[in-house]
Amino acid sequence: MIQCSQADVHKPMFTSSGSAMRILGIETSCDETAAAVVERAADGSGRILSNIVLSQLAEHAPYGGVVPEIAARAHVGALDSLVQQAFDEASLAVGDLDGVAATAGPGLIGGLLVGLMTGKAIAAAAAKPFVAVNHLEAHALTARLTDSVSFPYLLLLVTGGHTQIVAVRGLGDYTRLGTTVDDAVGEAFDKVAKMFGLGWPGGPEVERRAMHGDAARFAFPRPMRGRAGCDFSFSGLKTAVRLEAERLAPLGEQDVADFCAAFQAAVTDCLADRVTAAIDLFDPRSGDRPVLVVAGGVAANQAVRTRLEAVAAQRGFDVIAPPLDLCGDNAAMVAWAGCERLAHGLADTLDAPARARWPLAEVTRAEGQAA
Ligand code: KG4
Ligand code: ZN
């Protein structure tokens, strides 16, 4: 149980300094239960005081994907003690907080409700401001926590559920330049992994196998390459892999490695092409060297990172990818989004709804913000 008493408010082990703020973040939108405490200093820089992530991989692995009902129940079972751990690691108590932030969407509604209600309850009991965080915004702002990146920047968000290129011009000021018309890129990795029985989630294992494979063995399509705009498509590529695998079955270890390498090379080409198109559309509007931020679980892929760094460098962009443990789902990014919002006075009321669908373009925009 989370202890919350008046005594906590005056706990002497922690003293507030200047206008620094500490926010508790809660993330339960998919299959990670996570709680974290993040501090935002008066100068706008961030520091992670604790970051606890409990993956439900083992629960979902037998089904080859996330089962919403199982996810929601697992969040219920784990969240309370995770929040307590986050307080303990940060050496803080609930009274030391300046606010509570929880992911309100987009995501699986059962899980969202668990995190959102817990966050609201803690905020209400401790009389702290509450922030209902958009999960995509949390991914989008992570590079400001880890690398103090200034607005504006270009964001490539590549997760199991989303593949988007967004011009991030300010807090809540997001223009989507491109998105997938079918599968998300992480989903494509996962589905290809499933074809070869590589377990779930498939991205890391496909990458591992690809290291020993011959990417030139199969000429897979590069959907959308060279098209106007910045949209993606991965469904045709996935089907091409499946048809070729069926044709060559039964497959040996080397065959699987070659498939993984050729698939990953095709994905990497597609991402590089679409990012190049976005860079050409993006107006950095400042004399500073422009930045491409790569976020989401697929940003952990070294081949993807290396290739994106090359295409960005060709056009004078730096690439910033948050550390691996902050690329996937976590609560530090949620707490940080809460910090940024509260710093602009953007608290939410306790009737903020959980939203299965919540496009970035519908996120509230901060007025009069400074980079
Ligand atoms: O951001 P994330 O942790 O969760 C959400 O989907 O929101 O992303 C998970 C996705 C999965 O599809 C997983 O297969 C993929 O990221 N992924 C990778 C790698 N590591 C994780 N894909 C390719 N290569 C990797 N090394
Ligand atoms: Zn995510």
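Structural data are supplied above this passage.
Notes on the structure follow. It should be emphasised that the depicted structure is a prediction, and the values quoted were computed from it without experimental measurement.

Neighbouring ligand 1 are 21 residues; Gly-160, Asp-190, Gly-203, Glu-207 and Gly-297 lie closest to it. A distance of 2.9 Å separates an oxygen atom of ligand 1 from a polar backbone atom of Gly-297. Interatomic distance of 3.2 Å between a side-chain N/O atom of Asp-329 and an oxygen atom of ligand 1. Look at ligand 1: alone it shows 550 Å² of surface, and the protein chains cover 86% of it.

Here the structure, examined in full by the defined rule, presents 23 salt bridges. Residue Glu-187 is joined to Lys-191 by a salt bridge in which the shortest nitrogen-to-oxygen separation is 3.1 Å. Highlighted residues: Glu-187 and Lys-191, both in helix H6 (residues 185–195), separated by four residues, approximately one helical turn. With a relative accessible area of 25%, Glu-187 lands in the partly exposed category. Of the residues examined, Lys-191 reaches a relative accessible area of 31% and is grouped as partly exposed. The salt bridge involving Glu-205 is made with Arg-209; its shortest N-O contact spans 2.9 Å.

Turning our attention to the packing of aromatic side chains. Evaluated as defined, the whole model comprises eight aromatic pairs. Geometrically, the ring pair formed by Phe-232 and Phe-234 is stacked, given 6.1 Å between the ring centres and 20° between the ring planes. Under the relative-accessibility criterion, Phe-234 is labelled buried at 0%. Three or more aromatic residues link up through ring pairs in this structure, and these residues are Phe-196, Phe-218, Phe-220 and Phe-259. When the ring centre of Phe-151 is taken as origin, the NZ or CZ atom of Arg-144, which lies over that ring, is 3.8 Å away.

Time to look at the coordination of the zinc ion (ligand 2). For the zinc ion (ligand 2), the protein coordination sphere consists of His-135 (NE2), His-139 (NE2) and Asp-329 (OD), at 2.0 to 2.2 Å. Each of the four donor atoms bound to the zinc ion (ligand 2) contributes to angles spanning 93 to 145°, and the resulting shape is irregular. In primary-sequence terms, the residues that donate to the zinc ion (ligand 2) follow H-x3-H-x189-D. In this pair, His-139 sits in helix H5 (residues 135–147) while Asp-329 sits in the loop between helix H11 (324–327) and helix H12 (332–343), placing the two residues 190 residues apart along the sequence. Neither His-139 nor Asp-329 differs from the other in exposure class; each is buried.

Cut-offs applied
- Residues numbered from 1 in each chain as written.
- Chains lettered and ligands numbered in written order.
- Predicted model: local features only at pLDDT ≥ 70, side-chain atom pairs only at ≥ 80, totals over all residues.
- Heavy atoms only, no water.
- Near = heavy atom within 4 Å.
- Polar contact = N/O pair within 3.5 Å; in protein donor to acceptor, adjacent residues only side chain to side chain.
- Areas by Shrake-Rupley, 256 points an atom, 1.4 Å probe, with all protein chains shown as cover.
- Salt bridge = Lys/Arg side-chain N within 4 Å of Asp/Glu carboxyl O.
- Helix = DSSP H or I, 4+ residues; strand = E, 2+ residues; numbered from the N terminus.
- Buried < 20%, exposed > 50% of the residue type's maximum accessible area, 1.4 Å probe, protein only.
- Phe/Tyr/Trp six-rings, centres within 6.5 Å; stacked < 30°, edge-to-face > 60°.
- Lys NZ or Arg CZ within 6 Å of the ring centre and 35° of its normal.
- Donors = N, O, S within 2.8 Å, 3.2 Å for Na, K, Ca; no water.
- Tetrahedral: all angles 85-135°; square planar, octahedral: opposite > 155°, others 65-115°.

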